Amino acid sequence: MTQGSLAPSTSPALSPGPISGPQPANLGDILERVLDKGIVIAGDIKVNLLDIELLTIKLRLVIASLDTASQVGINWWKADPWLSADAANGSGNRELEEENRQLRSRVRALEARSRDDG
């Protein structure tokens, strides 16, 4: 390449031009960072009338991946029978299973009685 040539350089390290700053992140990158690190949004809303507190609302919002939440001790979904198979197999579920068996038995008895009567 001669000194007066305007041909572009093939090496990115030697390419002329301004040095660019951080590249804009797309939504996926931002979401991955937030879920990896977690984010907490907290706020209080107070309604006062003549220095008398009428209402206080405390808002706490935690956004994190399940792994990140578990690492900091947030694991309420593990005990919720609607969200966890392990919790569904707990003692509360056994009571429901027993009640279900009793109800099925009663339904069978009623069906048998209605066949005998009809």
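The model shown is predicted, which means the values in this text are computed figures rather than measured ones.

Asks: So what's going on with the overall build of the chain? Residues and values would help.
Replies: Looking only at helices and strands, one finds four helices and two strands in the chain. Secondary structure of the chain in N-to-C order comes out as α-β-β-α-α-α. Residues classed as buried in the chain amount to 5% of the 118 residues present. Counting contacts in the chain only where the partners sit at least 6 residues apart, residues at least 24 apart contribute 20% of the total.

Asks: So what's going on with unusual backbone geometry? Which residues, and what values?
Replies: Although it is not a glycine, leucine 50 sits at a positive phi angle of roughly 55°. With respect to the helices, strands and loops of the structure, leucine 50 is situated in the loop between strand S1 (39–49) and strand S2 (52–63). Of note, aspartate 51 is a non-glycine position whose phi angle comes to about 60°, a positive value. With respect to the helices, strands and loops of the structure, aspartate 51 is situated in the loop between S1 and S2.

Asks: So what about the pattern of salt bridges? Which residues, and what values?
Replies: Think of it this way: side chains of opposite charge can pair up when their charged atoms draw near. Summed over the entire model, instances satisfying the criterion amount to two salt bridges. A salt bridge links arginine 60 to aspartate 44; the shortest N-O distance between them is 3.2 Å. Of this pair, arginine 60 sits in strand S2 while aspartate 44 sits in strand S1, and the two are 16 residues apart along the sequence. Residue arginine 60 is classed as exposed on the basis of its relative accessible area, which comes to 51%. Among the salt bridges present, the one from glutamate 98 reaches arginine 101, with a minimum N-O distance of 3.1 Å. Taken together, the positions of glutamate 98 and arginine 101, both in helix H4 (residues 91–117) and three residues apart, correspond to about one turn of that helix. You can call glutamate 98 partly exposed: its relative accessible area is 35%.

Asks: Before we move on, could you go through helix H1 (residues 27–37) and cite the residues and values that matter?
Replies: A side-chain oxygen of the first residue of H1 lies 3.1 Å from the backbone nitrogen of glycine 28; this N-cap is asparagine 26. Once H1 ends, the next one or two residues include glycine 38, with phi positive near 90°.

Asks: So what's going on with a nonpolar patch on the surface? Which residues, and what values?
Replies: A contiguous nonpolar surface patch, about 850 Å² in accessible area, is contributed by Ile45, Val47, Leu49, Leu50, Ile52, Leu54, Leu55, Ile57 and Leu59. The element best represented in the nonpolar patch is S2, accounting for five residues. Within the element layout of this structure, leucine 49 appears in strand S1.

Asks: Account for the side chain of threonine 68, naming residues and giving values.
Replies: Structurally, threonine 68 is set in helix H2 (residues 66–71). A relative accessible area of 10% places threonine 68 in the buried class. Polar side-chain contacts of threonine 68 include one of 2.9 Å to the backbone oxygen of aspartate 36. At a separation of 2.9 Å, a polar atom in the side chain of threonine 68 contacts the side chain of serine 65.

Calculation criteria
- Residues numbered from 1 in each chain as written.
- Predicted model: local features only at pLDDT ≥ 70, side-chain atom pairs only at ≥ 80, totals over all residues.
- Heavy atoms only, no water.
- Helix = DSSP H or I, 4+ residues; strand = E, 2+ residues; numbered from the N terminus.
- Buried < 20%, exposed > 50% of the residue type's maximum accessible area, 1.4 Å probe, protein only.
- Contact = heavy atoms within 4.5 Å.
- Salt bridge = Lys/Arg side-chain N within 4 Å of Asp/Glu carboxyl O.
- Polar contact = N/O pair within 3.5 Å; in protein donor to acceptor, adjacent residues only side chain to side chain.
- Patch = residues over 30% accessible without salt bridge, like charges linked within 9 Å, V, L, I, M, F, W, Y side chains within 5 Å.
- Areas by Shrake-Rupley, 256 points an atom, 1.4 Å probe, with all protein chains shown as cover.

This is a description of form; function is not addressed.
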